[in-house]
Amino acid sequence: MEVRDVKKLQRLMIVQDVSQRQLAVVAGYKTHTYMGKILRGEAKTLNTEPALRIAKFLGVGVEDLFLTKVSTIPDQNGRRNVSTRATLRSVNPKAQLVSV
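What you are looking at is a predicted structure, and each value in this text was computed from that prediction instead of being measured.

Visitor: An account of the packing of helix α2 (residues 20–27) against helix α3 (residues 33–40) is needed here, citing residue identities and associated values.
Guide: Two quantities define a packed helix pair, namely the angle between the helix axes and the distance between the axes. Packing of α2 against α3 brings their axes to within 9 Å, and their N-to-C directions diverge by 115°. Here α2 is positioned roughly perpendicular relative to α3, judged by the angle of their axes. Relative to α3, α2 is oriented so that their crossing is right-handed. Where α2 approaches α3, its residues Gln-20, Leu-23, Ala-24 and Ala-27 are matched on the opposing element by Met-35, Gly-36 and Leu-39. Class assignment of the residues belonging to the contact of α2 with α3 gives a composition of 5 nonpolar, 2 polar and no charged.

Visitor: Give a detailed account of unusual backbone geometry, specifying residues and quantitative values.
Guide: Positive phi is not limited to glycine here, since Asp-17 has a value of about 55°. Given a relative accessible area of 67%, Asp-17 falls into the exposed group.

Visitor: Can you tell me about the confidence of the model for the protein, naming the residues and giving the values?
Guide: Summing up the model confidence of the protein, the mean pLDDT is 80 and the portion of residues at 70 or higher is 68%. Here residues 82–100 is modelled with pLDDT under 50, and outside its nearest four sequence neighbours on either side it reaches 36 contacts, counting other chains as well.

Visitor: Just give me the short version of α3, but keep the residues and values in it.
Guide: Listed in full, the buried residues belonging to α3 are Met-35, Gly-36, Ile-38 and Leu-39. In an axial view of α3, the angular spread of the buried residues amounts to 160°, which keeps them on one side of the axis. Next to the buried residues of α3 lie β1 (2–3), α1 (6–15), α2 and α4 (48–58). Backbone geometry just after α3 places Gly-41 at a positive phi near 85°.

Visitor: Can you lay out the packing of aromatic side chains for me, pointing to particular residues and giving the numbers?
Guide: Using the criterion set out here, one finds 1 aromatic pair in the structure. Here Tyr-29 and Tyr-34 contribute two aromatic rings whose centre-to-centre distance is 5.8 Å and whose plane-to-plane angle is 80°, an arrangement assigned as edge-to-face. Tyr-29 sits in the partly exposed class, given a relative accessible area of 21%.

Visitor: Before we move on, could you go through the pattern of salt bridges and cite the residues and values that matter?
Guide: The full count for this structure, using the stated rule, is 1 salt bridge. Across the pair Glu-42 and Arg-40 runs a salt bridge, and its minimum N-O distance is 3.0 Å. Residues Glu-42 and Arg-40 agree in their burial class; the two are exposed.

Calculation rules
Every chain begins its residue count from 1, and numbering advances along the sequence as written. Local features in a predicted model are, by the rule used here, given only for residues with pLDDT of at least 70; side-chain atom pairs are given and counted only at 80 or more, and totals for whole chains, interfaces and linings are based on all residues. Water and hydrogen atoms play no part in the side-chain values, which are based on all heavy atoms of the structure. Lines fitted to C-alpha atoms define the axes here, with helix axes fitted over just the stretch in contact, and angles between the N-to-C directions of these axes take values from 0 to 180 degrees. Secondary structure is summarised from DSSP: a helix means a run of H or I of at least four residues, a strand means a run of E of at least two, and numbering begins at the N terminus for each. In this scheme, roughly parallel covers angles under 35 degrees and roughly antiparallel covers those over 145, while 65 to 115 is roughly perpendicular and the rest are oblique. The crossing is said to be left-handed when, going from far helix to near helix, the turn is anticlockwise and less than a right angle, and right-handed when the turn is clockwise. Residue contacts follow a heavy-atom distance rule, with two residues in contact if any of their heavy atoms lie within 4.5 Å. Amino acid classes used here: Ala, Val, Leu, Ile, Met, Phe, Trp, Tyr, Cys and Pro are nonpolar; Asp, Glu, Lys and Arg are charged; the rest, including Gly, are polar. For every residue, the accessible area (1.4 Å probe, protein chains only) is compared with the maximum for its type, and the residue is labelled buried under 20%, exposed over 50%, or partly exposed between those bounds. What pLDDT conveys is the predictor's confidence in a given residue, as a value from 0 to 100. It is the directions from the helix axis to the C-beta atoms that the arc portrays. In this scheme Phe, Tyr and Trp rings, the latter by its six-membered ring, pair at centre separations within 6.5 Å, and the angle between planes marks the pair as stacked below 30 degrees, edge-to-face above 60, and tilted otherwise. Any Lys or Arg side-chain nitrogen found within 4 Å of a carboxyl oxygen on Asp or Glu counts as a salt bridge.

Next up, the structure:
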């Protein structure tokens, strides 16, 4: 998943008094280093599970903070097929993960 808006994530952290280290723990990271890179804009992507945990902890929808990463992969005939590793079911406010 890709961070939609780093500044929005930072504002939520400030309003809710959440530190970088706390968010790293919530995400399941062993250290806070990668979370720091995300918050500085040096890294823009993260795996689905940490993104889901962060959104739930901050009390917002996953789609408010993150974009689903979509990639195009050529098939055997050279045609491009759009494939996603995961997509979010928008009808569910808890944003359940649906494998594609």
